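Single-letter residue listing:
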Amino acid sequence: MNAKNLFPSYSRRKFLKTTGSVTIGFCLWDGCNPPLPEDIAVGELPGNINRYPNINAWIEILDDGRIRVLTGKIELGQGIRIAVAQVAAEELNTAIDNVEVVLAETGRTPNEGYTAGSRSIETSAMAIRYAAAAAKEKILELAAEKLSVEKDQLVLENGTVRTEKSGISITLAQILEGAQIEDEVQLPVKLKNKSSYILVGKAIPRKDISRMARGEQVYVQDLRFAGMVHARVVRPANYQSKLVTTDEQGAKKMEGVLHVVRNGDFLAVIAEEEFQSIQAAQYLKENSNWTQAQIFPEDIKLHEYILSLPAETQEVKTEGNTTPLNDEEGIISASYSKPYLMHASIGTSCAVALFENNLLQIWSHTQGVYPLKEAIQKMLGLREDQLHITGIPGSGCYGHNGADDVAAEAAIIAMDYPGKHIRLQWTREDEHAWEPYGSAMVMQLKAKLDPSGKISHWGYNLWSDAHSSRPGGNPENLLPARHLAQPFVKTGSGGGGGAYRNSEPYYQIPNLNILAHFFQGPLRTSALRSLGAYANLFAIESFMDELSIAAGKDPLKFRLAHLTDKRAKAVVEKTGEMTKKEELSENEGVGYAFSRYKNVASYFACAVKVYYEQTSGQIHLKKMWGVIDAGEVINPDGLKNQTEGGMIQAASWTLMEKVTFNKDHITSTDWGTYPILRFDNIPEIEVVVIDRPNESPLGAGEAAQGPTAAAVANAVFRATGKRIRDLPIGMIQS
Amino acid sequence: MKTSISLNVNGTTHDVYVDPKTPLLYVLRNNLELNGPKYGCGQEICGSCMVLIDDHAVPSCLMHVGSVVGRSITTIEGLADEQGALHPVQQAFVNEQAAQCGYCLNGMVISAVSLLRQKQIRNDEMVRLFLHRNLCRCGTHTRILKAIKAVAKQLDNN
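Treat the numbers as computed from the prediction; the structure is a model and nothing was measured. Going along each chain's sequence as written, the residues are numbered from 1 onward. Chains and ligands are labelled by the order in which they are written, letters from A for the one and numbers from 1 for the other. Only residues with pLDDT of at least 70 get local features here, since the model is predicted, and only at 80 or more are side-chain atom pairs given and counted; chain-wide, interface and lining totals rely on the full set of residues.

### As for the packing of helix H2 (residues 88-95) of chain B against helix H3 (residues 105-118) of chain B
Residues and elements named next belong to chain B. Axes, fitted as lines to C-alpha atoms, cover a helix only where it is in contact. Angles between the N-to-C directions of the axes lie from 0 to 180 degrees. Think of it this way: any DSSP run of H or I at least four residues long counts as a helix, any run of E at least two long counts as a strand, and we number them from the N terminus. Direction vectors running N to C along H2 and H3 enclose 130 degrees, while the axes themselves pass 9 Å from each other. In terms of orientation, H2 and H3 fall into the oblique class. The handedness of the crossing between H2 and H3 comes out as right-handed. Taken together, the residues of H3 that come into contact with H2 (itself represented by Val89, Gln90 and Phe93) are Leu105, Val109, Ala112, Val113 and Leu116. Residues are grouped as follows: nonpolar covers Ala, Val, Leu, Ile, Met, Phe, Trp, Tyr, Cys and Pro; charged covers Asp, Glu, Lys and Arg; every other residue, Gly included, is treated as polar. Tallied by class, the residues present in the contact of H2 with H3 amount to seven nonpolar, one polar and no charged. Here is the rule for angles: anything less than 35 degrees is roughly parallel, anything more than 145 is roughly antiparallel, 65 through 115 is roughly perpendicular, and the remaining ranges are oblique. By definition, turning the near helix anticlockwise from the far helix through less than a right angle yields a left-handed crossing, and turning it clockwise yields a right-handed one. For the purpose of contact definition, each residue receives a C-beta atom placed from its backbone, and two residues are in contact when these atoms lie within 7 Å.

Following this line, the structure appears as structure tokens:
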């Protein structure tokens, strides 16, 4: 196969030439044998192919020989579309431009649950790899029959099967005659040998970025339908306010207003034009009375407040004997906290809905079309066949933001005003004040060092509210369902494993005890990128820094002394190597951190250099280094982009972010009251990808969040002498 | 009250029938069906809705459409040349893959074009200053800086 001819637009050389940059990385073929033409996969089928075994659930062959890939995942800006296209094109020996991708859509794509937890490569892309490989085998088998030649004399390339020598060829359309390949994927599957990959493992550019740069239609916010009308929701004073009176008649007299939707405490307005809907919503806001339930605690110190709440305790892990931690002497302890954080998408949540001919259609940037469908179905009392949801990318969400809520709201409005496409986009205040936040948490740590300076005992207690209240087929998790005349009432905090994600250190510690305490806090909470791992790793990796100082050890060597996993050691060692020549001036410091995400996914180590401006108290980010090992890398540039982005976002959370409230309201209602990092404090970033083609691909999109937080705090300590245990770091008083 | 308004957008005159108090953003998106400028905050704080008005990058989410009659308005759709070749800033964003979700990309590109048209000094500090109004949540900042600096360098070399 000639790579240059087969993939003219994306040869490696050309890509390097046009971008002028290359992902820094190196490839480790651990104990690799000489390449074979094919890898025979035995053992188990990977990912979601077990639930959708038919080839045509994942792969369709188009009449012109191009390939259509179906994924149950949605593009969130993480680059899943290009990754699954690369995997399919690779197995089917076709150019990347010959592959199109259908994203999550009910009744069309597999039900892959949520696009969450950094699982899309492991679950969806691997299913697509096997389905594509099985499709190739089937195509060759059918072609062999048609051409009356031996299958092993045939090659599939760019939508055509030909004999290697005699020059006879046949197109996919001629082979399949309009049919799709419905066979089940069965082991053993002949996979392309990884050493002959042309697309996978390469920095193939995403096609959607060019569309974005041209201002083409990309997002759910860009959808336009003939006769589409615009809606806005009028928000209560707070979560529990009840609508007492409103001036519907006054609103209906306004120019362009078509309808006012009132269902219990749910209030919305529809107008011909978007600005008319905004004006009418403003009018209704000013002419409505709500009860003012005082639901938030006032003037609290969050850390103490959380510890004062009733909590249910769950043992996460116990090993050895931790009673020595009850001693008073020789115990090192520290208590940390993180505030409520918001997803704070730049584009506010949006959906389009149409109810017509007894069918409700919704276009949504939800992370899970199927679970959302089930929840909305139950909320509205519809049959399964009366609802269809198409996933369309939106602004980055970083977890469970307002995407599902706005879709449910658009659905309620559309049911009340049939026959028209209803476009509903949240205001900035809707997004900031009503999205489900990442839970506030408290983490208390205790440890004992042995005479050699190694950790012998470890005690960990964490307090958290729920980290997932995704729709999951439950209407009570949809914001508007709670406000309907027949409300769906949210019961219980849910607890759940998200809180103790990465609560167990990846270090060798003989005696340890980890307890999770679940409280029900005042704010609405759900999944925010990395869930509890962000806070747990902020605490664990800050504490490791404190312990290294107590032990009189270098922070990286201290970590290495407690690690046995070679891949873990490799990312830590590489981070040390990258920073060893870094020179520090006065008021500068470098902090380090490490984790393996979920203790089973990507390995990540990082370093952060900060400068402390003593006169203002401000912390300036100077440079960040990250090293990631995500196993087999499908697209190194995508992985690097996600990692850089995760580091910057985590640095923003850590330095400056905190959801605020008074007794009546959320008071973080815009970018002024909830500021995030801007360009004046963006550091230089260097990310190294360690590619391990023979290892399984590992979830990576959330790997940077926790370690980056701790590395920033550790750097602040080194620069200022102040150990910040309650986030955000904010200004440092000298 | 609705009235007829004539707007110069991307080199073409468009007649629209709208309330002159309508923010320019909604007229561009809904009446002219442009996707580039996007609603982000409605408070001129985040930069998602930026357009060029006579070479200056300005937010369009509050500015009344009636106030820009007779001005030259350019959106990201109007940056490519007549043959469809991307403006160097757009091309640099593609080359550097300077997007994750890309929702902020419009404002970033518009701010950068405005900088390159207005300023002779395009060092790191100046680029950051010009982009200060633009928020990105995905953390694509370093790639965006790299893309803009690549164009600035190219212009300086010519």
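### Thoughts on the interface of chain B and chain A
Across the contact, 50 residues belong to chain B and 51 residues belong to chain A. Within the residue set of the side of chain B that touches chain A, elements represented by two or more residues are helix H1 (24-31), H2, H3 and helix H5 (141-157) of chain B. With four residues, the top contributor of residues to the side of chain B that touches chain A is H2 of chain B. For the side of chain B that touches chain A, a count of residues per class yields 23 nonpolar, 20 polar and seven charged.

### Let's talk about H2 of chain B
Residues and elements named next belong to chain B. With C-beta atoms placed from the backbone, the exposure class of a residue follows from how many other C-beta atoms lie within 10 Å of its own: 20 or more, buried; 12 or fewer, exposed; in between, partly exposed. Where burial is concerned, most of H2 is hidden: seven out of the eight residues are buried. Within the sequence span of H2, burial applies to Val89, Gln90, Gln91, Ala92, Phe93, Val94 and Asn95. Among the residues trailing H2, Gln97 stands out with phi positive, at a value near 50 degrees.

### With respect to the domain arrangement of chain A
All names here are of chain A. Residue ranges for the domains originate in an automatic or database domain assignment. As far as domains go, chain A holds domain 1 (3-10 + 37-214), domain 2 (221-292 + 344-434) and domain 3 (309-327 + 335-339 + 437-720). For domain 2 versus domain 3, the distance between C-alpha centres works out to 35 Å. Among the elements that line the side of domain 2 that touches domain 3, the one with the most residues is helix H10 (residues 369-380), at six residues. Its residues placed into classes, the side of domain 2 that touches domain 3 shows 13 nonpolar, eight polar and eight charged.

### Thoughts on the pairing of strand S4 (residues 67-70) of chain A
All names here are of chain A. Here, a strand pair is defined by DSSP locating no fewer than two bridges between the strands. The pairing of strand S3 (residues 59-61) with S4 spans three bridges and is classified as antiparallel. Paired with Glu60 across the two strands is Arg68, which belongs to S4. Hairpin connection of S3 to S4: five residues between the antiparallel strands, including Gly65 at a positive phi of 90 degrees. Bridge count for S4 against strand S5 (residues 99-102) is four bridges, and the pairing is parallel. Considered in S5, the bridge of Ile67 is made with Val99.

### Describing the pairing of strand S17 (residues 350-356) of chain A
Residue and element names in this part refer to chain A. Across the seven residues that make up S17, a large majority, six, are buried. Alignment of S17 against strand S20 (residues 422-425), held across four bridges, turns out to be antiparallel. Looking across to S20, one finds that Cys350 is bridged to Gln425. Direction of pairing for S17 relative to strand S18 (residues 359-364): antiparallel, over a ladder of six bridges.

### Section: the domain arrangement of chain B
All names here are of chain B. Each domain of chain B was delimited in the assignment, giving domain 1 (3-78) and domain 2 (88-157). Its C-alpha centre places domain 1 at a distance of 21 Å from the equivalent point of domain 2. At the junction of the two partners, domain 1 supplies 13 residues and domain 2 supplies 14 residues.

### Structural notes on the sheet that holds strand S23 (residues 511-519) of chain A
Residue and element names in this part refer to chain A. In spatial order, the strands read S15-S23-S22-S21-S16; together these five strands make up an open sheet with mixed pairing. Among the strands making up the open sheet, the edge pair consists of strand S15 (311-319) and strand S16 (331-338). Neighbour to neighbour, the strand axes of the sheet diverge by 10 degrees on average, direction disregarded. As paired strands, S16 and strand S21 (residues 441-449) are joined by eight bridges and run antiparallel to one another. Within the sheet, the bridge partner assigned to Ser333 lies in S21 and is Lys446. Packed onto the sheet, helix H13 (residues 533-550) meets S16, S21 and strand S22 (455-464) and runs at close to 150 degrees relative to S16.

### Section: the environment of Lys253 of chain A
For Lys253 of chain A, the position within the fold is in the loop between helix H7 (248-252) and strand S12 (257-263). As for Lys253 of chain A and Ile96 of chain A, which are separated by 157 residues in sequence, their C-alpha atoms are 54 Å apart.

### Details of the confidence of the model for chain B
For every residue, the pLDDT score states the predictor's confidence, bounded by 0 at the bottom and 100 at the top. On average, residues of chain B carry a pLDDT of 96, and 100% of them reach 70 or more. Reported confidences for the modelled complex are a pTM of 0.95 and an ipTM of 0.98.

### Concerning the packing of H3 of chain B against H5 of chain B
Residues and elements named next belong to chain B. Two numbers describe how H3 lies on H5: the axes approach to 11 Å, and their chain directions differ by 25 degrees. With respect to H5, the element H3 is oriented roughly parallel. For the crossing formed where H3 meets H5, the hand is right-handed. Residues Met108, Ala112 and Leu116 of H3 touch H5, and the partners they reach there are Ile144, Ile148, Val151, Ala152 and Leu155. Considered class by class, the residues forming the contact of H3 with H5 number eight nonpolar, no polar and no charged.

### Focus on the nonpolar core
All names here are of chain A. Throughout this description, the term nonpolar core refers to a group of buried Ala, Val, Leu, Ile, Met, Phe, Trp, Tyr and Cys residues whose C-beta atoms join them within 7 Å. Within the largest apolar cluster, 276 residues are counted, with the highest numbers of intra-cluster contacts made by Ala88, Ala131, Val269, Ala353, Ala410, Ile413 and Ile422. Counting residues per element, this core draws most heavily on helix H4 (residues 120-147), at 15 residues. What Val269 contacts, discounting residues up to four positions off in sequence, is Ala231, Arg232, Val234, Ala251, Val257, Val260, Ser277, Ala280, Ala281 and Leu284.

### Here we look at the environment of Leu34 of chain B
Within the secondary structure, Leu34 of chain B is located in the loop between H1 and strand S3 (51-53). Taking the C-beta count within 10 Å as the criterion, Leu34 of chain B has 21 such neighbours and is therefore assigned buried. Between the alpha carbons of Leu34 of chain B and Val69 of chain B there is a distance of 18 Å; along the sequence they are 35 residues apart. Sequence-distant contacts of Leu34 of chain B, defined by excluding residues within four places in its chain, comprise Gly215 of chain A together with Leu28, Arg29, Thr75 and Glu77 of chain B.

### Describing the sheet that holds strand S1 (residues 3-9) of chain B
Residues and elements named next belong to chain B. Strand order in the open sheet made by the five strands is S2-S1-S5-S3-S4, with mixed pairing throughout. One side of each edge strand has no neighbouring strand; the edge strands of this open sheet are strand S2 (12-18) and strand S4 (56-58). Each strand axis lies, on average, 40 degrees off the axis of its neighbour in the sheet, ignoring direction. As judged from the two bridges shared by S3 and strand S5 (residues 72-74), these two strands associate in the antiparallel manner.

### Remarks on the confidence of the model for chain A
Residues and elements named next belong to chain A. Per-residue pLDDT for chain A averages 93, and the proportion of residues at 70 or more is 94%. Long-range and interchain partners of residues 1-24, a stretch whose pLDDT sits below 50, account for 28 contacts in this model, where long-range means more than four residues apart. Counted against residues more than four places away or in other chains, residues 29-36, with its pLDDT under 50, gives nine contacts.

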